[in-house]
Amino acid sequence: MHSTLHSPEEILRSWFGYDSFRGQQKKIIDTIVAGKDAFVLMPTGGGKSLCYQVPALVMPGTCLVISPLIALMKDQVQALRINGIEAAFLNSSLGAEEEYSILQKCGEGKLKLLYTSPERALLMPQSFWKKVNVNLIAVDEAHCVSQWGHDFRKEYTRIGELRANFPDVSMVALTATADKLTRKDILTHLGLHQPEVFISSFDRPNLSISVRSGLRSAEKNDLLFSFLAARRNDAGIIYCISRKMCEVLSGMLFERGIRNAFYHAGMESVERARVQDAFLHDEISVVVATIAFGMGIDKSNVRWVVHYNLPRNMESYYQEIGRAGRDGLPGDTLLLYGARDLGMLGYFATQSAQPELQLEKLHRMQYFAESRICRKRTLLSYFGEKLTRDCGNCDVCLHPPRFSDHTKTAQLVFTLIERCREQLSLGILVGVLRGSNAEEIRSRGFHLLQQFGAGRERPEHEWRQVIYQLTGIGYLEVAYDDHHALRLNPSAQEVLAGKGRVQLAEIPSRKTERNRPVPEILVAHQRDADSGELFEALRKLRLEIAREEKVAPYIVFHDKSLREMCDRLPLSESELRSISGLSDRKMEKYGERFLSLLREWESFSQS
Ligand code: ADP
Ligand code: ZN
């Protein structure tokens, strides 16, 4: 089947059903096919998988994919197989016979992609690897090599040993985790050879972000219920801070007639798997969960994510909202945050292995929720990316606050940071500005500085807001690996040199925050009813096929393909062929069934 090899474009068209590569995909693929190592940083939904799947098909041999989770492997393998591509996974969920047959196939060169965990790959004897013609090693979720995130996996640091079996094969590492320390760890610990580095924007334009802070429980619930009422058939996740809260909220939703299930790490694993499967198979559309839910969920048609409590840090927040809209269609996210959340999160942070770091991260999260700067700007600047324009798709952009000139204040802050050779953490900086008597300030001699006490008139929480805003806009950066010291970015140097003015948003009080208008998009979201009906019919056909194939519906077709069918109403084979995601194999297997449904719909709506 793979005897004649084709160009990346041809493979994209016939095996995956897509017309063109996205963003940097083509460059990455060319780099890999040329035999070089690559490091790919791309947000969730950006299209990382094709970056190694296409090279695997272009080159003779088998691509070895290292992946941390069984669920992820299973998803990917099913999606490949349904497109007619020979792929398999090797992990503890297989029976002995199944495993034997996969190893056999592998040795015979019949597999194009073999997915496995690093633990498992390291267990395989050299004699096995000698038999396999490996054409590429792809390390998915490469951030698992780093201790900074919460997904650290020790065996990921040993992938270099595995590679010794294939000294001439190139390796690509992929991740959606953007923070700089993790990035550094991947490059040092994975043993890539002079890799080409590809960093994509982490902006996800199709995600809307809304945040409401200062809420009491009853206010949270009212907002949540109107949000859900506008999204009856759409799948989504509600994240809660604790197991107990999941169960309580789930019960409350039931009382309101909203079918849902809860999910947390305290449940039996059988029960957890049941909930996850029901969600993946579109049998249940609302899941109330702790952060335990979602790791390894590739479901592409999650349409919304609500945070019922403040997340513990920006990394988790970004990752969790990122589960919406992986198919590129709109995804709405809502963060509801009350003062109570902070107490509990602060407690978790102090009980963690790195309390100082976790508290600092929590502060950044709190600032994000309370600030009035474009949410995406703030979020992306946390990951070291600067948006040139406001996003236009967040609550702040839709209801902007008043801004005023704070250039003098900013210059005071920047001068102080510069004087102290960028060695001040936020707490100390605010202390010096406010003329604090703290021991650390005296012992380091900061009370002798000209700026000592220069900002006495501003209360501490306001100073924090100012610094957070300056960080959020990108003037300052926090060096987490160097005692959280604040660093000046080039834009701050310009302000110091008298070039450029600094605009900051007014600092909100809790009361004005509560009374802020709710963005319309959150509560009024009904789609055009007509195309809604066709969409439901297509969805039903998809579900029927998914059951026959024993896979999740989104493996058969993404929502995006169905939406395109609604919009373009293809009635011939060639028209259907041009819909995104209709590969040769899917055309052949399901094309006729979709066409007859569409034709029937057309004649029905004509009459
Ligand atoms: P990631 O692994 O980066 O989260 P995926 O590889 O799962 O992202 O891709 C996200 C979605 O985008 C998938 O549905 C995939 O089929 C689709 N996709 C990726 N590349 C393209 C492309 N060039 N054209 C159309 N759709 C694409
Ligand atoms: Zn915005």
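**Notes on the side chain of Thr-182**
Logical step 1: The topology assignment puts Thr-182 in helix α9 (residues 180–189).
Logical step 2: Residue Thr-182 is classed as buried on the basis of its relative accessible area of 2%.
Logical step 3: Those residues within four positions of Thr-182 in sequence are excluded, and the remaining contacts are His-143, Ser-146, Trp-148 and Thr-177.

**Some details on the pairing of strand β3 (residues 87–90)**
Logical step 1: Side chains Ala-87 and Phe-89 project from β3 onto one buried face, and the interleaved Ala-88 and Leu-90 project onto a second face that is buried too.
Logical step 2: Of the strand pairs in this sheet, β3 and strand β4 (residues 113–116) are connected by four bridges, and their pairing is parallel. Paired with Leu-90 across the strands is Thr-116, a residue of β4.
Logical step 3: The parallel pair β3 and β4, bridged by helix α5 (residues 96–107), forms a crossover whose chirality is right-handed.

**Remarks on the domain arrangement of the protein**
Logical step 1: Domain parsing of the protein yields domain 1 (8–199), domain 2 (207–398), domain 3 (403–507) and domain 4 (528–606).
Logical step 2: Computed from C-alpha atoms alone, the centre-to-centre distance between domain 1 and domain 4 is 31 Å.
Logical step 3: Tallying the contact residues gives 13 residues for domain 1 and 18 residues for domain 4.
Logical step 4: Across the domain 1/domain 4 interface, buried area totals approximately 1200 Å², and carbon plus sulfur atoms make up 49% of it.

**Some thoughts on the site of ligand 1**
Logical step 1: With respect to spatial proximity, 15 residues lie near ligand 1, and among them Tyr-18, Gly-45, Ser-49, Arg-326 and His-558 are the closest.
Logical step 2: In this structure, an oxygen atom belonging to ligand 1 sits 2.4 Å away from a side-chain N or O atom of Tyr-18.
Logical step 3: Residue Gly-47 places a main-chain N or O atom 3.1 Å away from an oxygen atom belonging to ligand 1.
Logical step 4: Computed on the free molecule, ligand 1 has an accessible area of 560 Å², of which 84% lies beneath the protein chains in the complex.
Logical step 5: Partitioning the shell around ligand 1 into residue classes produces four nonpolar, eight polar and three charged.

**Points about helix α27 (residues 559–568)**
What sets the pattern is the α-helix's 3.6 residues per turn: residues three or four places apart point alike.
Logical step 1: Buried residues dominate α27, accounting for seven of its ten residues.
Logical step 2: Among all positions in α27, only Asp-559, Ser-561, Leu-562, Arg-563, Glu-564, Met-565 and Cys-566 are buried.
Logical step 3: Of the residues one or two after α27, Leu-569 is the one with positive phi, at around 40°.

**Quick notes on the coordination of the zinc ion (ligand 2)**
Logical step 1: Within the protein, Cys-374 (SG), Cys-391 (SG), Cys-394 (SG) and Cys-397 (SG) serve as the donor atoms for the zinc ion (ligand 2), at 2.3 to 2.4 Å.
Logical step 2: Metal-centred angles of 101 to 119° between the four donor atoms at the zinc ion (ligand 2) mark the site as tetrahedral.
Logical step 3: Site description for the zinc ion (ligand 2): donor spacing in sequence, C-x16-C-x2-C-x2-C. Here Cys-374, found in the loop between α15 (355–370) and α16 (375–382), pairs with Cys-394, found in the loop between α16 and α17 (395–398); they are 20 residues apart in sequence, far enough to count as distant. Here Cys-374 matches Cys-394 in class, with each residue buried.

**Things to note about the nonpolar core**
Logical step 1: In this structure, Tyr-52, Leu-113, Leu-190, Val-413, Phe-414 and Leu-470 are the most contacted members of the largest nonpolar core, which totals 171 residues.
Logical step 2: Considering each element in turn, this core owes the most residues, seven residues, to helix α3 (residues 48–58).
Logical step 3: Not counting residues up to four positions away in its chain, the partners in contact with Leu-190 are Val-139, Ala-142, Val-145, Tyr-156, Ile-159, Gly-160, Met-171, Ala-173 and Asp-185.
Logical step 4: Residues Phe-225, Leu-228, Ile-238 and Cys-240 belong to the second largest nonpolar core, which totals 19 residues.

**Thoughts on the packing of helix α14 (residues 339–351) against α15**
Logical step 1: For the pair α14 and α15, the least separation of the axes is 8 Å and the interaxial angle reads 155°. When the axis of α14 is compared with that of α15, the two are roughly antiparallel. In this structure, α14 uses Leu-342, Leu-345, Gly-346, Ala-349 and Thr-350 to contact α15, whose residues at the interface are Pro-355, Gln-358, Leu-359, Leu-362 and Gln-366.
Logical step 2: Grouping the amino acids of the contact of α14 with α15 by side-chain chemistry returns six nonpolar, four polar and no charged.

**Topic: the environment of Leu-562**
Logical step 1: One can find Leu-562 in helix α27.
Logical step 2: Expressed as a C-alpha distance, the spacing of Leu-562 and Tyr-115, which sit 447 residues apart in the sequence, is 29 Å.
Logical step 3: Residue contacts for Leu-562: discarding those within four places in its chain leaves Phe-535, Leu-538, Arg-539, Arg-542, Phe-557 and Phe-594.

**A word on a nonpolar patch on the surface**
Logical step 1: A cluster of nonpolar residues, Leu-187, Val-197 and Ile-199, forms a patch on the protein surface that exposes about 220 Å² of accessible area.
Logical step 2: For Ile-199, the location among the structural elements is in strand β7 (residues 196–199).
Logical step 3: For Ile-199, a relative accessible area of 41% puts it in the partly exposed group.

**Quick word on the packing of aromatic side chains**
Think of a pair of aromatic rings as described by two things: how far the centres are apart, and how the planes are tilted against each other in angle.
Logical step 1: Scanning all chains against the criterion turns up 13 aromatic pairs.
Logical step 2: Here Phe-202 and Tyr-318 contribute two aromatic rings whose centre-to-centre distance is 6.0 Å and whose plane-to-plane angle is 50°, an arrangement assigned as tilted. In this pair, Phe-202 sits in the loop between β7 and β8 (207–213) while Tyr-318 sits in helix α13 (residues 314–321), placing the two residues 116 residues apart along the sequence. Just as Phe-202 is buried, Tyr-318 falls in that class too.
Logical step 3: Considering the side-chain rings of Tyr-382 and Phe-383, the 5.2 Å spacing of their centres and the 80° angle between planes classify their relative orientation as edge-to-face.
Logical step 4: Tyr-382 gets classed as buried once you look at its relative accessible area, which sits at 11%.
Logical step 5: Connected via pairs of aromatic rings, a cluster forms that spans Phe-202, Tyr-318, Tyr-382 and Phe-383.
Logical step 6: Across the ring face of Phe-279, the terminal group of Lys-299 is positioned such that the distance to the ring centre comes to 5.0 Å.
Logical step 7: Of note, Arg-375 hangs over the ring of Phe-368, and the distance from its end group to the ring centre comes to 5.7 Å.

Analysis parameters
- Residues numbered from 1 in each chain as written.
- Chains lettered and ligands numbered in written order.
- Predicted model: local features only at pLDDT ≥ 70, side-chain atom pairs only at ≥ 80, totals over all residues.
- Heavy atoms only, no water.
- Helix = DSSP H or I, 4+ residues; strand = E, 2+ residues; numbered from the N terminus.
- Buried < 20%, exposed > 50% of the residue type's maximum accessible area, 1.4 Å probe, protein only.
- Contact = heavy atoms within 4.5 Å.
- Pairing = 2+ DSSP bridges.
- Right-handed = clockwise from strand over helix to strand, strands pointing away.
- Domains from an automatic or database assignment.
- Buried area = accessible area lost by both parts, 1.4 Å probe.
- Near = heavy atom within 4 Å.
- Polar contact = N/O pair within 3.5 Å; in protein donor to acceptor, adjacent residues only side chain to side chain.
- Areas by Shrake-Rupley, 256 points an atom, 1.4 Å probe, with all protein chains shown as cover.
- Nonpolar A, V, L, I, M, F, W, Y, C, P; charged D, E, K, R; others polar.
- Donors = N, O, S within 2.8 Å, 3.2 Å for Na, K, Ca; no water.
- Tetrahedral: all angles 85-135°; square planar, octahedral: opposite > 155°, others 65-115°.
- Core = buried A, V, L, I, M, F, W, Y, C linked by side-chain atoms within 4.5 Å.
- Axes fitted to C-alpha atoms, helices over the stretch in contact; angles between N-to-C directions.
- Parallel < 35°, antiparallel > 145°, perpendicular 65-115°, else oblique.
- Patch = residues over 30% accessible without salt bridge, like charges linked within 9 Å, V, L, I, M, F, W, Y side chains within 5 Å.
- Salt bridge = Lys/Arg side-chain N within 4 Å of Asp/Glu carboxyl O.
- Phe/Tyr/Trp six-rings, centres within 6.5 Å; stacked < 30°, edge-to-face > 60°.
- Lys NZ or Arg CZ within 6 Å of the ring centre and 35° of its normal.

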